[in-house]
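Examining the three-dimensional arrangement
Next come the chains, spelled out residue by residue.
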Amino acid sequence: MSNYKEERPWGAFEVIYEDRFTKVKKIFIVPEGKLSLQSHENRSEVWTIIYGGGVVEVDGEKWEVAKGDVVQIPVGEKHRVENTTEEPLVFIEVQWGKSFEESDITRYEDKYDRV
């Protein structure tokens, strides 16, 4: 288990726990920041919003989220979140599955032109 933080164009994430069964991240999204529309072949995720708000998209369905909301993302489903507020959006992401590598991301759309 190792804690580390990585900056991204949309904000940053901090790995707060990791073992062979799960990975837990604290994700910070700046105002107007937006994750890529993506999916994973090897993991599912659950997001728990702990600060701020925004709009989540899972499998083509969009809805607003705020503090206390929980979002479940099954393996293979396209998903993203956008911070639509003037405050940071912060959530805890719990991953479980066969792999937690960043390489298990298929991007379909990206505001920051990442592949």
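Residues numbered from 1 in each chain as written. Predicted model: local features only at pLDDT ≥ 70, side-chain atom pairs only at ≥ 80, totals over all residues. Heavy atoms only, no water.

At Glu-32, a position not held by glycine, the phi torsion is positive, near 70°. Counting through the fold element by element, Glu-32 comes out in the loop between strand 3 (22-29) and strand 4 (37-39). Although it is not a glycine, Asp-59 sits at a positive phi angle of roughly 55°. Considering the arrangement of structural elements, one finds Asp-59 in the loop between strand 6 (53-58) and strand 7 (61-66). Residue Asp-59 is classed as exposed on the basis of its relative accessible area of 55%. (Helix = DSSP H or I, 4+ residues; strand = E, 2+ residues; numbered from the N terminus. Buried < 20%, exposed > 50% of the residue type's maximum accessible area, 1.4 Å probe, protein only.)

Turning our eyes to something else, we now look at the side chain of Asp-104. Structurally, the position occupied by Asp-104 is in the loop between strand 10 (89-97) and strand 11 (106-109). Separated by 3.0 Å, the side chain of Asp-104 and the backbone nitrogen of Glu-41 make a polar contact. Other than its neighbours up to four places away in sequence, Asp-104 contacts Ser-39, His-40, Glu-41, Asn-42, Arg-43 and Ser-99. (Polar contact = N/O pair within 3.5 Å; in protein donor to acceptor, adjacent residues only side chain to side chain. Contact = heavy atoms within 4.5 Å.)

Once rolled over the atoms, a probe with the size of a water molecule shows which space is left empty. Scanning the entire structure with this criterion turns up 1 cavity of 30 Å³ or more. In this structure, the largest cavity encloses a volume near 200 Å³. Taken together, 18 residues make up the lining of the largest cavity; nearest its centre are Trp-10, Leu-35, Gln-38, Glu-102 and Ile-105. Only strand 3 and strand 5 (43-51) provide two or more residues apiece to the lining of the largest cavity. The dominant element in the lining of the largest cavity, judged by the number of residues it contributes, is strand 5, at 3 residues. Of the residues in the lining of the largest cavity, the class split is 6 nonpolar, 4 polar and 8 charged. (1 Å grid on protein atoms, 1.4 Å probe; cavity = no way out; pocket = protein on both sides within 12 Å on 5 of 7 lines; lining within 4 Å. Points joined across faces, edges and corners; volume = space filled by probe spheres on them. Nonpolar A, V, L, I, M, F, W, Y, C, P; charged D, E, K, R; others polar.)

Take the nonpolar core next. Core analysis: the biggest nonpolar cluster contains 16 residues, and Ile-29, Leu-35, Trp-47, Val-56, Val-71, Val-81 and Phe-91 have the highest contact counts within it. Only strand 2 (11-18), strand 3, strand 5, strand 6, strand 8 (70-73) and strand 10 provide two or more residues apiece to this core. Setting aside its immediate chain neighbours within four residues, Phe-91 contacts Lys-25, Lys-26, Ile-27, Ile-29, Leu-35, Trp-47, Thr-48, Ile-49, Ile-50 and Val-81. (Core = buried A, V, L, I, M, F, W, Y, C linked by side-chain atoms within 4.5 Å.)

Take the pattern of salt bridges next. Per the counting criterion, the structure on display carries 10 salt bridges. Put simply, Glu-18 and Lys-23 hold a salt bridge, and the shortest N to O gap is 3.7 Å. Relative accessible area serves as the criterion here: at 22%, Glu-18 is assigned to the partly exposed category. You can call Lys-23 buried: its relative accessible area is 4%. As a salt-bridge pair, Glu-57 and Arg-80 come within 3.1 Å of each other at their nearest N and O atoms. Here Glu-57 is found in strand 6, whereas its partner Arg-80 is found in strand 9 (residues 79-82), with 23 residues between them in sequence. For Glu-57, a relative accessible area of 11% puts it in the buried group. On the basis of relative accessibility, which here comes to 11%, the residue Arg-80 falls in the buried class. One continuous salt-bridge network, built from bridges that share partners, spans Glu-6, Arg-8, Lys-25 and Glu-102. (Salt bridge = Lys/Arg side-chain N within 4 Å of Asp/Glu carboxyl O.)

Function cannot be read off these values alone, since they describe shape.
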